[in-house]
Amino acid sequence: MNNCFTNEEVSFLENLGINYDFNNLTDDEWVELEDIVATKLETEGLNELYEPNRIGLICEEILSKLP
């Protein structure tokens, strides 16, 4: 496990194709991670009432940890 993300979040990120060293992210990797996760939240993370579903909740947790 890393210092910032839970095992579930790391698995989620890896399933999105993000395979970084999550213990030592560069500034560019943080920016890319934010872009990918925010897009996932917008496209698959909200239900018809614009409330977060399971994907959205994970995305929100990840985004809340970004510097």
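**Q** Just to check I follow, could you spell out the packing of aromatic side chains for this structure?
**A** Describing an aromatic ring pair means giving the distance of the ring centres and the angle of the ring planes. If you walk through the whole model with that rule in mind, you get three aromatic pairs. For the ring pair Phe5 and Phe22, a centre distance of 5.9 Å and an interplane angle of 80° mean the geometry is edge-to-face. Separated by 17 residues along the polypeptide, Phe5 in the segment before helix H1 (7-15) and Phe22 in the loop between H1 and helix H2 (27-44) bring together distant segments of the chain. Of the residues examined, Phe5 reaches a relative accessible area of 1% and is grouped as buried. The class of Phe22 is buried, set by a relative accessible area of 8%. Ring centres 6.4 Å apart and planes at 55° place the aromatic pair Tyr20 and Phe22 in the tilted group.

**Q** Explain the side chain of Lys40 to me, please; I cannot follow it from the model alone.
**A** Tracing the sequence through the fold places Lys40 in helix H2. Beyond its immediate sequence surroundings of up to four residues, Lys40 is in contact with Phe12, Leu16, Gly45, Ile55 and Cys59.

**Q** So what exactly am I meant to see when it comes to the environment of Glu44 here?
**A** Position of Glu44 among the secondary structure elements: in helix H2. Using a relative accessible area of 40% as the deciding quantity, one classes Glu44 as partly exposed. Spatially, the C-alpha atom of Glu44 lies 21 Å from that of Phe5, the residues being 39 residues apart in sequence. If we skip the residues at most four places from it in the chain, Glu44 touches Asn53 and Ile55.

Parameters at a glance
- Residues numbered from 1 in each chain as written.
- Predicted model: local features only at pLDDT ≥ 70, side-chain atom pairs only at ≥ 80, totals over all residues.
- Heavy atoms only, no water.
- Phe/Tyr/Trp six-rings, centres within 6.5 Å; stacked < 30°, edge-to-face > 60°.
- Helix = DSSP H or I, 4+ residues; strand = E, 2+ residues; numbered from the N terminus.
- Buried < 20%, exposed > 50% of the residue type's maximum accessible area, 1.4 Å probe, protein only.
- Contact = heavy atoms within 4.5 Å.

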